[in-house]
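# Remarks on the overall topology
In case you want the letters, here they are:
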Amino acid sequence: MDVLAFLRDRMRFIREFYETAGEPFRETMRKIESGEPPFEPPYSEDGEPPYLSEWIEADTALDVLGRACVSMVSASLKLYFETWEGQLGVVWEKGERKKAFKDGFLHGYKKCFAEVLSLSWDDCPADLEILEQVTLARNRDQHPDSITRMGVNHTPADRGKYPRLFFASEAERGMYDDPDMAGITWMNPSVRVSAESLLQAIEEVEKLAEWLEPKMLAVRYGR
């Protein structure tokens, strides 16, 4: 089985899915901002931007789409690891797998493959901090905490571990750079997945897999 080829195909699909599925929402926002039909600005004296609710809904849809795609990226990376775990016939001592995976699958598989492949993760060209935040974003998306809104927020623990959160808007990143905000725990940045952050996350997954693949093959086939 060409595991890397399957992973690449998943990453290609996610890229194309995000671009295609997001186009109607981006176009709606563009038309509203440009005042194009059917969003010609009506006469109003209330001071509120016209079609604000429609713009917000389109923006929310893009936000939900981005988080869904990050969840797919996380699941695909996990499947890549699980497939190679099976291909290599990894055997765990009783209780060891649970202990290794207590901080998430990325940490678990880092420990697993460091031993099985005799490698140092310090040599990995991928940004592992971004990949860790991929799994965090997926967890937040899959476990929302309020029925009243479609958005989700990072936790104080996320902020503590990653002061410059990768999946957050530039505005909120800047706000939390303020030392006066450091101790505030009741207000946390939204999980925001832009096109740029999604594409970079995909690139980091591919870098990781391309680095690991020859090492996997060498152990699997004794090359």
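These remarks concern the structure in this document.

Cut-offs used in this document
- Residues numbered from 1 in each chain as written.
- Predicted model: local features only at pLDDT ≥ 70, side-chain atom pairs only at ≥ 80, totals over all residues.
- Heavy atoms only, no water.
- Helix = DSSP H or I, 4+ residues; strand = E, 2+ residues; numbered from the N terminus.
- Buried < 20%, exposed > 50% of the residue type's maximum accessible area, 1.4 Å probe, protein only.
- Contact = heavy atoms within 4.5 Å.
- Lys, Arg positive; Asp, Glu negative; His and termini not counted.
- Charge placed at Lys NZ, Arg CZ, Asp CG, Glu CD.
- Polar contact = N/O pair within 3.5 Å; in protein donor to acceptor, adjacent residues only side chain to side chain.
- Core = buried A, V, L, I, M, F, W, Y, C linked by side-chain atoms within 4.5 Å.
- Salt bridge = Lys/Arg side-chain N within 4 Å of Asp/Glu carboxyl O.
- Phe/Tyr/Trp six-rings, centres within 6.5 Å; stacked < 30°, edge-to-face > 60°.

A tally of helices and strands in the protein chain yields 8 helices and 0 strands. Scanning the protein chain from its N terminus toward the C terminus, one meets helices and strands in the order α-α-α-α-α-α-α-α. The principal-axis extents of the C-alpha atoms in the protein chain amount to approximately 75 × 40 × 30 Å. A burial count over the protein chain gives 39% of its 223 residues as buried. Contacts in the protein chain between residues far apart in sequence, at least 24 positions, make up 72% of those at least 6 positions apart. Side chains of the protein chain carry 28 positive and 41 negative charges; the gap between the two charge centres is 10 Å.

With that out of the way, let us pick up the side chain of asparagine 153. Here asparagine 153 shows up in the loop between α5 (128-142) and α6 (156-161). Side-chain polar atoms of asparagine 153 contact the backbone oxygen of proline 189, separated by 3.5 Å. Beyond its immediate sequence surroundings of up to four residues, asparagine 153 is in contact with Arg140, Asn188, Pro189, Ser190 and Val191.

On to the environment of arginine 67, then. Relative to the helices and strands, arginine 67 is located in helix α2 (residues 52-87). Residue classification places arginine 67 among the buried residues on the basis of a relative accessible area of 5%. Between the C-alpha atoms of arginine 67 and arginine 192, which are 125 residues apart in sequence, the distance is 7.5 Å. Excluding residues within four positions of it along the chain, arginine 67 makes contact with Asp141, Met150, Gly151, Val152, Val191 and Val193.

Quick look at the nonpolar core now. Core analysis: the biggest nonpolar cluster contains 47 residues, and Tyr80, Phe81, Phe113, Trp121, Phe167, Leu208 and Leu212 have the highest contact counts within it. Elements supplying a minimum of two residues to this core: α1 (3-34), α2, α4 (105-116), α5 and α8 (195-221). At 9 residues, α8 tops the list of elements feeding residues into this core. Contacts of tryptophan 121, omitting those with residues within four sequence positions, involve Tyr109, Lys110, Phe113, Ala114, Leu128, Leu208, Trp211 and Leu212.

Next up on the list: the pattern of salt bridges. The full count for this structure, using the stated rule, is 18 salt bridges. Here glutamate 206 makes a salt bridge to arginine 15, at a shortest N to O gap of 2.7 Å. Note that glutamate 206 is positioned in helix α8 and arginine 15 in helix α1, a separation of 191 residues in sequence. Across the pair glutamate 19 and arginine 26 runs a salt bridge, and its minimum N-O distance is 3.3 Å. According to the relative accessible area criterion, glutamate 19 is partly exposed, its value standing at 46%.

Turning to unusual backbone geometry, a few remarks are in order. Backbone torsion omega between proline 37 and proline 38 reads 0°, so that peptide bond is classified as cis. With respect to the helices, strands and loops of the structure, proline 38 is situated in the loop between α1 and α2. At tyrosine 51, a position not held by glycine, the phi torsion is positive, near 60°. The topology assignment puts tyrosine 51 in the loop between α1 and α2. Backbone geometry at serine 118 places phi at a positive 55°, although glycine is not the residue there. The topology assignment puts serine 118 in the loop between α4 and α5.

Time to look at the packing of aromatic side chains. With the rule as written, the count across this model stands at 11 aromatic pairs. Consider the rings of phenylalanine 13 and phenylalanine 17, whose centres lie 5.8 Å apart with planes at 10°: the pair is stacked. One end of the pair is phenylalanine 13 and the other is phenylalanine 17, both in helix α1 and 4 residues apart, which spans about a single turn. Seen from their ring centres, phenylalanine 101 and tyrosine 109 are 4.8 Å apart, and the 85° between their planes marks the pair as edge-to-face.

Our next topic: the environment of arginine 159. Structurally, arginine 159 can be placed in helix α6. The class for arginine 159 is buried, based on a relative accessible area of 13%. Taking the C-alpha atoms as reference, arginine 159 lies 11 Å from valine 191; in sequence the two are 32 residues apart.

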